[in-house]
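# A structural walkthrough
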Amino acid sequence: MNNSKQKITTFLMFQDGNAEEVMNFYISLFDNSKIVNIIRYGANEAGQEGTVMHAVFSLNGQEYMCIDSYVKHEFTFTPAMSLYVTCDSKEEIDKVFEKLSEGGKILMPLDTYPFSERFGWVNDKYGVSWQLSFEK
């Protein structure tokens, strides 16, 4: 019997001090979503005061973690790793795709494909890659 407390959570690192903005944007797109916890940098700490040292948010019950990295890196997000969302309706996929693609980059336009009745793939304006699918 396995009594492990092991949990695997997607962790997003932002470098422009906009982790809280990103969380608020994402939770506005999906039902049953919220910011669970935010710990902010204080005065005289490594990161800019008020930015996110560590946060947990949930999108339709699925938890994610994120930070505002005070260390600047040469890397960012890549479409090789994406968040895959199965939408409940054509209206939902249309709305979410439109919002995520604003200021972002469409990798596959919202359309019918052999593997999905309605599918689209986009990098949002923060660089995070999303695959959205509606299947009856």
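A short tour of the structure in this document, coming up. (Residues numbered from 1 in each chain as written. Predicted model: local features only at pLDDT ≥ 70, side-chain atom pairs only at ≥ 80, totals over all residues. Heavy atoms only, no water.)

The next thing to look at is the sheet that holds strand 5 (residues 82–87). For sheets, the rule is that strands pair by backbone hydrogen bonds, running either parallel or antiparallel. Read across the open sheet, the 4 strands follow the order 5-8-7-6; overall the sheet is mixed. Edge positions in the sheet fall to strand 5 and strand 6 (105–113), since each of these pairs with one other strand and no more. With strand direction ignored, the average angle separating the axes of adjacent strands in the sheet is 10°. On the sheet, helix 2 (residues 90–101) packs against strand 5, strand 6, strand 7 (116–123) and strand 8 (129–134) and is oriented at approximately 15° with respect to strand 7. (Pairing = 2+ DSSP bridges. Helix = DSSP H or I, 4+ residues; strand = E, 2+ residues; numbered from the N terminus. Axes fitted to C-alpha atoms, helices over the stretch in contact; angles between N-to-C directions. Contact = heavy atoms within 4.5 Å.)

Turning next to the sheet that holds strand 1 (residues 10–14). Across the sheet, 4 strands lie side by side as 1-4-3-2; this open sheet has mixed pairing. Taken across any chain shown, the strands that pair with only one partner, and hence form the sheet edges, are strand 1 and strand 2 (34–40). Across the sheet, the axes of successive neighbouring strands diverge by a mean angle of 20°, strand direction being ignored. Relative to strand 3 (residues 52–59), helix 1 (residues 19–29) is tilted by about 5°, and along the sheet it contacts strand 1, strand 2, strand 3 and strand 4 (62–68).

In this section: unusual backbone geometry. Non-glycine residue asparagine 32 carries a positive phi angle of around 55°. In this fold, asparagine 32 is placed in the loop between helix 1 and strand 2. According to the relative accessible area criterion, asparagine 32 is exposed, its value standing at 58%. Phi at asparagine 60 takes a positive value of approximately 50°, unusual for a residue other than glycine. As for its placement among the helices and strands, asparagine 60 is situated in the loop between strand 3 and strand 4. Under the relative-accessibility criterion, asparagine 60 is labelled exposed at 54%. (Buried < 20%, exposed > 50% of the residue type's maximum accessible area, 1.4 Å probe, protein only.)

Mapped onto the fold, alanine 46 is located in the loop between strand 2 and strand 3. With a relative accessible area of 52%, alanine 46 lands in the exposed category. For alanine 46 and tyrosine 70, which are 24 residues apart along the polypeptide, the C-alpha to C-alpha distance reads 6.7 Å. Alanine 46 has contacts with Tyr41 and Tyr70, leaving out every residue within four places of it along the chain.

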